[in-house]
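Now for the letters of each chain:
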Amino acid sequence: MTRRLHKLWPLGLLVLLLSACGKPADLTGERTGIWTKYFVGPLSDSLDWFAAHLWGEYGLSILVVTIIIRFIILPLTLRQYKSSKAMQALQPEMQKIKQKYKDDAKKQQEETMKLFQQHGVNPLAGCFPIFVQMPILIALYNAIMYNPYIQEHTFLWLQLSQKDPYYILPIIAAATTFIQQKVMMKYQPNQQMGSMQMLLYVFPVMIFVMSMSFAAALPLYWVYSNIFTIVQTYFIYRPSKK
């Protein structure tokens, strides 16, 4: 249970960071501060630029920015995939260590880390895409909330600076998160199924609750990102399914 909850802390941290984010400097005037000048400001400008070339639709602009962000972190995703395959290959050795030192948890951990080092496996590689996306999400949140051109903009039934009053988008965000987790589980080794089974239901619930509170533009980003991840996972993992 502890290991399962440990995997959830990035989302919890994201909630705290988004909740604590103060208002950045005026995005239409002089931008001061490293965060506003180099992160929030450029992201806000990107949203404006793409919207201007997409019939003024910020919902489509967010889609383009999402695709660009996902391609930027694609090398980390591929690294995560390689690490996952390496971990699968080491499962028999890890089971031997677990059986050999079943009464000595400290020794079991030491031998497991030695095994990882010998084969150049980084067990934290799967966290890299999450770590990279967290500041992007926070910057996107600020760019949306304090971009004056998005404040009154609507996309489909949504006012992007306000939460979805009908909870349709949170449901879609939760559903696509569930499908994404399901697709990921399909290509994981049987040994990891148990630890992922809980996440299959916990992540969608967390995304649903968060989406009910945030401006609609942020869960819209999650929906786009989830769909991208589903397609990406299919093409990356499919050749190795056999």
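Read on for an overview of the structure.

The rules we used
Residues numbered from 1 in each chain as written. Predicted model: local features only at pLDDT ≥ 70, side-chain atom pairs only at ≥ 80, totals over all residues. Heavy atoms only, no water. Axes fitted to C-alpha atoms, helices over the stretch in contact; angles between N-to-C directions. Helix = DSSP H or I, 4+ residues; strand = E, 2+ residues; numbered from the N terminus. Parallel < 35°, antiparallel > 145°, perpendicular 65-115°, else oblique. Left-handed = near helix turned anticlockwise from the far one by under 90°. Contact = heavy atoms within 4.5 Å. Nonpolar A, V, L, I, M, F, W, Y, C, P; charged D, E, K, R; others polar. Buried < 20%, exposed > 50% of the residue type's maximum accessible area, 1.4 Å probe, protein only. Polar contact = N/O pair within 3.5 Å; in protein donor to acceptor, adjacent residues only side chain to side chain. Patch = residues over 30% accessible without salt bridge, like charges linked within 9 Å, V, L, I, M, F, W, Y side chains within 5 Å. Areas by Shrake-Rupley, 256 points an atom, 1.4 Å probe, with all protein chains shown as cover. Salt bridge = Lys/Arg side-chain N within 4 Å of Asp/Glu carboxyl O. 1 Å grid on protein atoms, 1.4 Å probe; cavity = no way out; pocket = protein on both sides within 12 Å on 5 of 7 lines; lining within 4 Å. Points joined across faces, edges and corners; volume = space filled by probe spheres on them. Phe/Tyr/Trp six-rings, centres within 6.5 Å; stacked < 30°, edge-to-face > 60°. Core = buried A, V, L, I, M, F, W, Y, C linked by side-chain atoms within 4.5 Å.

1. Here's the deal with the packing of helix α5 (residues 74-89) against helix α12 (residues 217-237)
Okay, step 1: In the contact formed by α5 and α12, the axes pass within 12 Å of each other and the chain directions differ by 50°. With respect to α12, the element α5 is oriented oblique. The hand of the α5/α12 crossing is right-handed. Contacts between α5 and α12 involve Leu74, Thr77, Leu78, Tyr81 and Ser84 from the former and Gln232, Ile236 and Tyr237 from the latter.
Okay, step 2: Here the contact of α5 with α12 is built from residues that sort into 5 nonpolar, 3 polar and no charged.

2. A closer look at the side chain of Thr176
Okay, step 1: Considering the arrangement of structural elements, one finds Thr176 in helix α10 (residues 168-186).
Okay, step 2: Its relative accessible area of 10% is what places Thr176 among the buried residues.
Okay, step 3: A polar contact is formed between the side chain of Thr176 and the side chain of Asn226, at a distance of 3.0 Å.
Okay, step 4: Here Thr176 is in contact with Val223, Asn226, Ile227 and Ile230, once residues within four sequence places are set aside.

3. A closer look at the environment of Lys85
Okay, step 1: Following the sequence through the fold, Lys85 ends up in helix α5.
Okay, step 2: Distance from Lys85 to Val121, taken between C-alpha atoms, is 9.7 Å for residues 36 residues apart in sequence.

4. Digging into a nonpolar patch on the surface
Okay, step 1: Nonpolar side chains collect at one region of the surface, where Leu156, Trp157, Tyr166, Ile168 and Ile172 lie side by side and expose about 510 Å² of accessible area between them.
Okay, step 2: By secondary structure assignment, the location of Ile168 is in helix α10.
Okay, step 3: Looking at Ile168, the relative accessible area reads 37%, which means it is partly exposed.

5. Overview of the layout of surface pockets
Okay, step 1: Taken as a whole, the second largest pocket spans an internal volume of roughly 220 Å³.
Okay, step 2: In terms of lining, the second largest pocket is formed by Phe39, Leu43, Ser46, Phe50, Val65, Ile68, Ile69, Ile72, Pro135, Ile136 and Ala139.
Okay, step 3: If you list the elements that add at least two residues to the lining of the second largest pocket, you get α3 (34-52), α4 (58-72) and α8 (128-145).
Okay, step 4: Residue classes in the lining of the second largest pocket are distributed as 10 nonpolar, 1 polar and no charged.

6. With respect to unusual backbone geometry
Okay, step 1: Positive phi outside glycine occurs at Trp55, with the angle close to 60°.
Okay, step 2: With respect to the helices, strands and loops of the structure, Trp55 is situated in the loop between α3 and α4.
Okay, step 3: Located in the positive-phi region is Tyr167, a residue other than glycine, with phi close to 60°.
Okay, step 4: For Tyr167, a relative accessible area of 38% corresponds to the partly exposed category.

7. Some points on the packing of aromatic side chains
Okay, step 1: According to the stated counting rule, one finds 4 aromatic pairs in the structure shown.
Okay, step 2: With a centroid separation of 5.4 Å and 80° between ring planes, the pair formed by Phe71 and Phe228 is classed as edge-to-face. Taken as a pair, Phe71 in helix α4 and Phe228 in helix α12 lie far apart in primary sequence, 157 residues in all.
Okay, step 3: Note on Phe71: relative accessible area 48%, which makes it partly exposed.
Okay, step 4: The exposure class of Phe228 is buried, given its relative accessible area of 18%.
Okay, step 5: Geometrically, the ring pair formed by Tyr234 and Phe235 is edge-to-face, given 5.3 Å between the ring centres and 80° between the ring planes.
Okay, step 6: When its relative accessible area of 35% is taken as the criterion, Tyr234 is described as partly exposed.

8. Considering the nonpolar core
Side chains that are nonpolar tend, in soluble globular proteins, to be buried together.
Okay, step 1: Within the largest apolar cluster, 33 residues are counted, with the highest numbers of intra-cluster contacts made by Leu47, Ile62, Leu160 and Trp222.
Okay, step 2: Broken down by secondary-structure element, the contributors of at least two residues to this core are α3, α4, α8, α10, α11 (193-213) and α12.

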